[in-house]
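Residues per chain are reported as follows:
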Amino acid sequence: MIIKFKNDVKEKELDKIRKYLINKGFELHESTGKSTKLIGVIGDTISFDPESLYAYDFVDTVLRVQEPFKQVNRKFKPEDTIVDVSGVKIGGKNIVIMGGPCAVESESQIDEITPIIQKAGAKILRGGAYKPRTSPYSFQGLGEEGLNILQKAKNKYNMPVVTEIMSVEDLPKFIEKVDLIQVGTRNMQNFALLKELGKINKPILLKRGLSSTIEEWLMSAEYILAGGNKNVILCERGIRTYETSTRNTLDISSIPVIKKLTHLPIIVDPSHAAGRWEYVEALSLAAIAAGADGLIIEVHQTPESALSDGQQSLKPERFTKLIKKCKKIAQAIDKNL
Ligand code: PEP
Ligand code: MN
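The rules we used
- Residues numbered from 1 in each chain as written.
- Chains lettered and ligands numbered in written order.
- Predicted model: local features only at pLDDT ≥ 70, side-chain atom pairs only at ≥ 80, totals over all residues.
- Heavy atoms only, no water.
- Salt bridge = Lys/Arg side-chain N within 4 Å of Asp/Glu carboxyl O.
- Buried < 20%, exposed > 50% of the residue type's maximum accessible area, 1.4 Å probe, protein only.
- Near = heavy atom within 4 Å.
- Polar contact = N/O pair within 3.5 Å; in protein donor to acceptor, adjacent residues only side chain to side chain.
- Areas by Shrake-Rupley, 256 points an atom, 1.4 Å probe, with all protein chains shown as cover.
- Nonpolar A, V, L, I, M, F, W, Y, C, P; charged D, E, K, R; others polar.
- Axes fitted to C-alpha atoms, helices over the stretch in contact; angles between N-to-C directions.
- Helix = DSSP H or I, 4+ residues; strand = E, 2+ residues; numbered from the N terminus.
- Left-handed = near helix turned anticlockwise from the far one by under 90°.
- Contact = heavy atoms within 4.5 Å.
- Core = buried A, V, L, I, M, F, W, Y, C linked by side-chain atoms within 4.5 Å.
- Domains from an automatic or database assignment.
- Phe/Tyr/Trp six-rings, centres within 6.5 Å; stacked < 30°, edge-to-face > 60°.
- Donors = N, O, S within 2.8 Å, 3.2 Å for Na, K, Ca; no water.
- Pairing = 2+ DSSP bridges.

Novice: Honestly, the pattern of salt bridges in this entry has me stumped. Any pointers?
Specialist: Should their charged atoms come close, side chains of opposite charge can pair. Applying the stated criterion across every chain yields a total of 23 salt bridges. A salt bridge links D84 to K89; the shortest N-O distance between them is 3.4 Å. With a closest N to O distance of 3.0 Å, R276 and E278 form a salt bridge. Overall, the relative accessible area of 37% leaves R276 in the partly exposed class. Overall, the relative accessible area of 38% leaves E278 in the partly exposed class.

Next up, the structure:
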C-alpha cells in the first residue's frame, strides 16, 4: 500500500501517521521527491481498509500495490535510484561502460588490459575469478588469486572492479576486495545468497536468470532490498528462447519494462546475449538507444587464446570504436557517456 501526501504536509502530521501504522505492525518505507512525499507500507495490509486513512486531511491518495515486488517498485519510489560504485554513479542520466575479460587469467593479462579499456572510456573493470562453467572440465577461474589480481589493478589504475560471487562462504573476501558484486544468471534465484547480500552495503549487479520472467527477476532484487541493501543494479544478459543463432536472445524490451516497473538502474550484457563478437556492437547500440544505464562487455587482447568466451570477446580496438559509437547515441538521447 502506498500513501501519497498533500504537498504542504507537515513533519508533525507525518509522525502521527507513522506511529499509527507502526503500531499496527507495518513496516514503512519513505520516499521524498521534489514535490512528493510517499510512504510505502509493507505487511499484511489485506485486512486493513485503506479508505480509513482519508480521515487524515493531509493524505492525498492511498493505493494498493498489486505487484508482488514492493521496495523495488517505482510506485514506492518514483525517482531513479543512482547506485554509487566506489565513485562511479550508475543510473539517472549517466551511461557507464564496464569492460574486461570473461575470466581473470593472469596478472599480466589484467595489468595489460586495464589501462586499455580505461583509455577507451570504460569506468569499471570486469573479470571473473570464480567461474560458473557448464562443464566441470572447463577452466574454473583463479579463485582468490583472481580477486587479488583485480584488486591490484583497481589500486594501480584507480578503477573499480566487478566480479561474480558463486558462494555465500566467499562473501567476506568480496566485501574486502570487490566494488560491485555480480550475481550471475545461474544464481539469480539462490535465495540464501540473496539474503546474505541484503545484509551488506556493497552494490550488487543482479543478472537476469537464464529463463526468468521480469517479475521473477524483480522478486530476486526485492530479496536484497528487503534485507536492507538498496544498492542493486539489474543486468539484462539475454534469455533462453527457441532461437539458436545467438547464444541467448537479448530481451531489449525488458529495458523499457524495467524502467516502468522499477526505480533501479539496468545495464545490458551484449556479450553473453550474443555469444559472438560480431553481434556485440549492434546489441550495445540498441541497448543504449532503448534506455539502458550502461553496458558490461567482454574484451580480450587475444580472443583466440582466451580461457573462456573468446568467441564473444571484443579485441581492444573494436571495444574502443564501439564506445565512440555509443557516445553518439548517448548524445542523441541527452545522456552522459
Ligand atoms: C559472466 O558475466 O562472466 C557470466 C558468467 O555471465 P552470466 O551469468 O550472465 O552467464
Ligand atoms: Mn563470459
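Novice: Is there a simple way to explain the site of ligand 1 in this structure?
Specialist: Taken together, the neighbourhood of ligand 1 is formed by R126, K131, E164, Q182, G184, T185, R186, K207, R237, H272 and E298. Residue Q182 places a side-chain N or O atom 2.9 Å away from an oxygen atom belonging to ligand 1. Relative to its unbound accessible area of 300 Å², ligand 1 is 97% covered by the protein chains. Its residues assigned to classes, the shell around ligand 1 comprises no nonpolar, 4 polar and 7 charged.

Novice: In this structure, what is going on with the packing of helix 5 (residues 191–198) against helix 6 (residues 214–227)? I would like to understand it.
Specialist: Relative placement of two packed helices is described by the angle separating their axes and the distance separating the axes. In the contact formed by helix 5 and helix 6, the axes pass within 7 Å of each other and the chain directions differ by 35°. Seen along the crossing, helix 5 lies across helix 6 with a hand that is right-handed. Where helix 5 approaches helix 6, its residues F191, L194, K195, L197 and G198 are matched on the opposing element by S220, Y223, I224 and G227. Partitioning the contact of helix 5 with helix 6 into residue classes produces 5 nonpolar, 3 polar and 1 charged.

Novice: In this structure, what is going on with the nonpolar core? I would like to understand it.
Specialist: Of all hydrophobic cores here, the largest spans 63 residues; its most connected members are I181, L206, L234 and F319. Here the element with the most residues in this core is helix 6; it accounts for 6 residues. When residues no more than four places from it in sequence are discounted, the contact partners of L206 are V183, M188, L194, W217, S220, A221, V232, I233, L234 and C235. Judged by nonpolar contacts, the second largest core, of 17 residues, contains I3, V9, I39 and L53.

Novice: Help me out: how do you make sense of the domain arrangement of the protein in this one?
Specialist: In many analyses, interface size is given as the accessible surface area lost on bringing the parts together. Segmenting the protein into domains produces domain 1 (2–63) and domain 2 (83–332). For domain 1 versus domain 2, the separation of C-alpha centres amounts to 37 Å.

Novice: Is there a simple way to explain the packing of aromatic side chains in this structure?
Specialist: For any pair of aromatic rings, geometry is given as the distance between the ring centres together with the angle between the planes. Throughout the structure, instances matching the rule amount to 6 aromatic pairs. Between F26 and F48 the ring centres are 5.5 Å apart and the planes differ by 85°, which places this aromatic pair in the edge-to-face class. Taken together, the positions of F26 in the loop between helix 1 (11–23) and strand 2 (27–32) and F48 in the loop between strand 3 (37–42) and strand 4 (59–63) put the pair 22 residues apart, joining distant regions of the chain. A single burial state applies to F26 and to F48, both of which are buried.

Novice: Which parts of the structure should I look at to understand the coordination of the manganese ion (ligand 2)?
Specialist: In a perfect tetrahedron of four donors around a metal, the angles come out at 109.5 degrees. In a perfect octahedron of six, they are 90 or 180 degrees. Protein coordination at the manganese ion (ligand 2) comes from C102 (SG), H272 (NE2), E298 (OE) and D309 (OD), with a distance range of 2.0 to 2.4 Å. Spacing between the donor residues of the manganese ion (ligand 2) along the chain follows C-x169-H-x25-E-x10-D. Here C102 is found in the loop between strand 7 (96–100) and helix 2 (107–120), whereas its partner D309 is found in the loop between strand 14 (294–298) and helix 10 (316–332), with 207 residues between them in sequence. Judged by its relative accessible area of 3%, C102 is buried.

Novice: Is there a simple way to explain the sheet that holds strand 1 (residues 2–5) in this structure?
Specialist: Working definition: the strands of a sheet are paired by backbone hydrogen bonds and lie parallel or antiparallel to each other. Across the sheet, which stays open at both edges, the 4 strands sit in the order 2-3-1-4 with antiparallel pairing between neighbours. Lying at the two open borders of the sheet, with one neighbouring strand each, are strand 2 and strand 4. In this sheet, adjacent strand axes meet at a mean angle of 20° when their direction is disregarded. Relative to strand 3, strand 2 is paired through 6 bridges, and the arrangement is antiparallel.

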